[in-house]
2 protein chains.
Amino acid sequence: MSPLPSDAHPFDAAIALTPAGDDRFRGATSPAYGNMIGPFGGITAATALNAACLHPARLGDPVAVTVNFAGPLADGPFEVTARPARTNRSTQHWVIEILQNDQLALTATAVFAVRRETWSTTEFAPPEAPPADSLQRQPPLPRAAWTANYEKRFLRGGAPSGTRPAADDSQSVLWIRDEPPRPLDFVALCAITDAFYPRIFLRRPQWTPAGTVSMTTYFHADAATVAAQGSAHLLATARGQRFGNGYFDQTASVWGADGSVLATSHQIVYFKE
Amino acid sequence: MSPLPSDAHPFDAAIALTPAGDDRFRGATSPAYGNMIGPFGGITAATALNAACLHPARLGDPVAVTVNFAGPLADGPFEVTARPARTNRSTQHWVIEILQNDQLALTATAVFAVRRETWSTTEFAPPEAPPADSLQRQPPLPRAAWTANYEKRFLRGGAPSGTRPAADDSQSVLWIRDEPPRPLDFVALCAITDAFYPRIFLRRPQWTPAGTVSMTTYFHADAATVAAQGSAHLLATARGQRFGNGYFDQTASVWGADGSVLATSHQIVYFKE
């Protein structure tokens, strides 16, 4: 593992990888990002993406990443393979896997690219939202350690309390940032796109086993725009469109404080009735 | 190749694969689904998905598929590998690649599942649309052979004619089906989710090199619901949300004539200014 300073941010400690040769890296789950069972999916996704980011053959920055959660990760060490499957002049395609005890836990693909300024336009807008500081911070959930590592201030669609009635829709709007604050980069942004609890909890506020099966994140911002966010609050939206036959989707967006869209993300989530 | 009847639908001929042992299949591009350069991306995506569908270890039906177009496919034969990377009790994870002359052309992942009826709801609605037959069929584009294999009737956002001014937004709404009509299945639905021309053509009606880099499709319908569509027209929407730094996204939906959502799809597309 690249030696981390003892005061490293818990996020950096959680996604840390040691090169192990031949496209291989070693990592380990972090109790700070534990979920009810196994790690928070967003930290696993960020770790997979981090392997490509750290790879010596890396070209450019992430444009798209898809992670598929194939099986549970137990607390402990794991291995990541990140293979640059094809490198073109300005794009690079990755195939990534996470294994634990020779069992596949995650498959992923990523596309990196050297981006250049072009004509640009945005056809959707961030939601109207009051300043982050004017909204209450949602307390972390004791059963899900990772929630303590995000500051979330919900404008609507806050995590169900267990006593709240079913919502008419599954939309959430919130300000979010790492806790403690940490300068934004692609891997942190990747994790944030998975930091909204399962939409089914809003529509059916009762205990429902649910877990992301596949998530795709598109990065609309280049490295300079991502870095320019610093550790400011980001405005995020998440909503399910269709629930049925044991799965629902979620479409999400993450915006900078200046109103620029940083990432959009889509996932499909298993739920058990 | 499973021997196809001589009157096989051109789609079935185009996605046909011959088992070649050890998770390998042989296929070939089809002139009927050729695009301006190489094949229509949707037929390549459908072929990749077809490899998992035909694999003897297949469990259940597709829930999610992501294809990444890593490099151009030339006209001619290619090889598909489809590896069931992890099979659980009711889900199965696939890693798929297409190679041509030992060069990687496509990486893909897919999640299959045995689906069971659960609580269901839909939080978005199909667009209002008059019957398909009341709209004009868009003529195929001579430069893109594949367009002759779809019947498209646009309500809005039809392919630019070259003389049309830039649209204010990139939204298309259309009725679509295979031409000649063919009973719907998952592979055909997968191809249809890529059958909308690049959104940039609507916003900048001028010749712009553009190509899908990564596409993810979520199947919301089970096999019975897909089959129940028969060869009816499907209602589809497609829209870009953010264009910039050489890439734009597209979010799409495909609905049955009865108003049920069959699939949602997202892609990120390269464009050159």
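Predicted, not measured: the structure shown is a model, and the values here were computed from it.

*Asks:* I tried to follow the overall build of chain A on my own but got confused; where do I start?
*Replies:* Secondary structure assignment for chain A yields five helices and 14 strands. Taken over the C-alpha trace, chain A has a radius of gyration of 18 Å; the compact-globule value for 273 residues is 19 Å, and the two agree within 12%. Split into buried and exposed, the 273 residues of chain A put 59% on the buried side. Of all intrachain contacts in chain A linking residues separated by at least 6 positions in sequence, the fraction that spans at least 24 positions is 68%. As displayed, chain A has an accessible area near 10,600 Å², and 52% of this comes from carbon and sulfur atoms. A distance of 5 Å separates the average location of the 22 positive side-chain charges in chain A from that of its 24 negative side-chain charges.

*Asks:* Looking at this model, I keep getting lost on the interface of chain A and chain B. Mind explaining?
*Replies:* When the parts of a complex come together, some accessible area is lost, and that lost area is often used as the size of the interface. Contacts between the two partners involve 61 residues from chain A, matched on the other side by 61 residues from chain B. For the pair chain A and chain B, the summed buried surface comes to about 5,500 Å²; carbon and sulfur atoms form 52% of the total. On the chain A side of the contact with chain B, W119, E123 and N245 of chain A bury the most area, a combined 15% of that side's loss. At the junction of chain A with chain B, the criterion picks out six salt bridges. Connecting chain A to chain B are 38 residue pairs in polar contact (both at pLDDT 80 or more). Here the residues of the side of chain A that touches chain B are counted per class, giving 21 nonpolar, 25 polar and 15 charged. One ladder, built from two bridges, connects strand 7 (residues 121-122) of chain A with strand 12 (residues 242-244) of chain B; its direction is antiparallel. For T121 of chain A, the partnering residue across the bridge sits in strand 12 of chain B and is F243 of chain B.

*Asks:* Is there a simple way to think about the confidence of the model for chain A in this case?
*Replies:* For any part of a model where pLDDT is low, the fine detail of the predicted coordinates should not be relied upon. Here chain A averages 95 in pLDDT, and 97% of its residues register 70 or above. In the predicted complex, the global pTM is 0.97; the interface-specific ipTM is 0.97.

*Asks:* In this structure, what is going on with the side chain of T109 of chain A? I would like to understand it.
*Replies:* With respect to the helices, strands and loops of the structure, T109 of chain A is situated in strand 6 (residues 103-113). With residues near it in sequence (within four places) discarded, T109 of chain A still touches A64, V65, T66 and W94 of chain A together with T66, N68, T107 and T109 of chain B.

*Asks:* Is there a simple way to think about helix 2 (residues 41-54) of chain A in this case?
*Replies:* The periodicity of an α-helix, 3.6 residues per turn, causes residues three or four positions apart to be oriented the same way. For helix 2 of chain A, which comprises 14 residues, the first-to-last C-alpha distance of 20 Å matches the rise-based estimate of 20 Å (1.5 Å per residue) to within 8%. Counting buried positions along helix 2 of chain A yields 13 of 14 residues, so the element is predominantly enclosed.

*Asks:* Could you clarify how one ought to interpret the packing of aromatic side chains in this entry?
*Replies:* The description of an aromatic ring pair rests on the distance of the ring centres and on the angle between the ring planes. One pass over the structure, following the stated rule, counts 27 aromatic pairs over all chains. Cation over ring: R143 of chain A sits above W207 of chain A, and NZ or CZ is 5.6 Å from the ring centre.

*Asks:* Honestly, the side chain of R153 of chain A in this entry has me stumped. Any pointers?
*Replies:* Residue and element names in this part refer to chain A. Looking at the element boundaries, R153 is found in strand 8 (residues 150-156). By relative accessible area, R153 is classed as buried at 16%. Within polar-contact distance, the side chain of R153 engages the side chain of E151 at 2.6 Å. The residues contacting R153, other than those within four sequence positions of it, are A132, D133, L135, Q136, R137, V173, L174, W175 and H233.

*Asks:* Help me out: how do you make sense of the relation of the copies chain A and chain B in this one?
*Replies:* Relating the two copies of this chain is a rotation about some axis coupled with a shift parallel to it. Least-squares fitting of chain A to chain B yields an RMSD of 0.0 Å, with the superposition described by an axial translation of 0.0 Å and a rotation of 180°. Taken together, the turn and the small shift mark the pair as related by a two-fold rotation axis.

*Asks:* What is the right way to read the pairing of strand 2 (residues 24-28) of chain A from this model?
*Replies:* Consecutive side chains along a regular strand alternate between the two faces of the sheet. Residues and elements named next belong to chain A. The alternating pattern of strand 2 places F25 and G27 on a buried face and R24, R26 and A28 on a face that is not buried. Looking at chain direction, strand 1 (residues 18-19) and strand 2 are connected through two bridges and run antiparallel. Looking across to strand 2, one finds that T18 is bridged to R26. Hairpin connection of strand 1 to strand 2: four residues between the antiparallel strands, including G21 at a positive phi of 80°. In the sheet, strand 2 pairs with strand 4 (residues 77-87) via five bridges, with the strands oriented antiparallel. Counterpart to A28 in the pairing with strand 4 is P77.

*Asks:* Could you clarify how one ought to interpret the pattern of salt bridges in this entry?
*Replies:* Where charged atoms of side chains with opposite charge meet at close range, the side chains can pair. Taken as a whole and assessed by the stated rule, the structure comprises 22 salt bridges over all chains. Here D169 of chain B ties to R156 of chain B by a salt bridge, and the two come within 2.8 Å at their closest N and O atoms. Of the two residues, D169 of chain B is situated in the loop between strand 8 (150-156) and strand 9 (172-178) and R156 of chain B in strand 8; the sequence distance between them amounts to 13 residues. Taking the relative accessible area as the measure of exposure, R156 of chain B reaches 35% and is therefore partly exposed. Each of D12, R182 and D185 of chain A takes part in salt bridges that share partners, so that together they form one network.

*Asks:* Help me understand a nonpolar patch on the surface, please; the structure alone is not making it clear to me.
*Replies:* Residue and element names in this part refer to chain A. Taken together, the side chains of M36, I37 and W207 make up a nonpolar region of the molecular surface, amounting to roughly 390 Å² of accessible area. Mapped onto the fold, W207 is located in the loop between helix 4 (200-203) and strand 10 (210-219). The exposure class assigned to W207 is exposed, which follows from its relative accessible area of 55%.

*Asks:* Any chance you could explain the state of the cysteines here in plain terms?
*Replies:* Cysteine pairs can be covalently joined through their sulfur atoms, and such a bond is termed a disulfide. Residue and element names in this part refer to chain B. What the rule picks out here adds up to zero disulfides over all chains. Summary of cysteine pairing: C53 is not part of a disulfide, and the nearest cysteine sulfur, belonging to C190, is at 8.9 Å. Assessed through its relative accessible area of 15%, C53 is described here as buried. Residue C190 is classed as buried on the basis of its relative accessible area, which comes to 0%.

*Asks:* Looking at this model, I keep getting lost on the pairing of strand 5 (residues 91-100) of chain A. Mind explaining?
*Replies:* Residue and element names in this part refer to chain A. Most of strand 5 is tucked away, with nine of its 10 residues classed as buried. As paired strands, strand 4 and strand 5 are joined by eight bridges and run antiparallel to one another. When the sheet's bridge partners are listed, T81 is paired in strand 5 with E97. Counted between consecutive antiparallel strands, the loop separating strand 5 from strand 6 contains two residues, among which N101 sits at a positive phi close to 50°.

*Asks:* Explain the environment of L189 of chain B here, please?
*Replies:* Residue and element names in this part refer to chain B. Following the sequence through the fold, L189 ends up in helix 3 (residues 186-192). The class of L189 is buried, set by a relative accessible area of 0%. In sequence terms L189 and A159 are 30 residues apart; their C-alpha atoms lie 20 Å from each other. Contacts of L189, omitting those with residues within four sequence positions, involve L184, F219, V226, L234, V254, L262 and A263.

Cut-offs applied
Residues numbered from 1 in each chain as written. Chains lettered and ligands numbered in written order. Predicted model: local features only at pLDDT ≥ 70, side-chain atom pairs only at ≥ 80, totals over all residues. Heavy atoms only, no water. Helix = DSSP H or I, 4+ residues; strand = E, 2+ residues; numbered from the N terminus. Rg over C-alpha atoms; globule rule 2.2 N^0.38 Å. Buried < 20%, exposed > 50% of the residue type's maximum accessible area, 1.4 Å probe, protein only. Contact = heavy atoms within 4.5 Å. Areas by Shrake-Rupley, 256 points an atom, 1.4 Å probe, with all protein chains shown as cover. Lys, Arg positive; Asp, Glu negative; His and termini not counted. Charge placed at Lys NZ, Arg CZ, Asp CG, Glu CD. Buried area = accessible area lost by both parts, 1.4 Å probe. Salt bridge = Lys/Arg side-chain N within 4 Å of Asp/Glu carboxyl O. Polar contact = N/O pair within 3.5 Å; in protein donor to acceptor, adjacent residues only side chain to side chain. Nonpolar A, V, L, I, M, F, W, Y, C, P; charged D, E, K, R; others polar. Pairing = 2+ DSSP bridges. pLDDT = per-residue confidence, 0-100. Expected span 1.5 Å × (residues − 1). Phe/Tyr/Trp six-rings, centres within 6.5 Å; stacked < 30°, edge-to-face > 60°. Lys NZ or Arg CZ within 6 Å of the ring centre and 35° of its normal. Least-squares fit on C-alpha atoms with pLDDT ≥ 70 in both. Patch = residues over 30% accessible without salt bridge, like charges linked within 9 Å, V, L, I, M, F, W, Y side chains within 5 Å. Disulfide = S-S within 2.5 Å.

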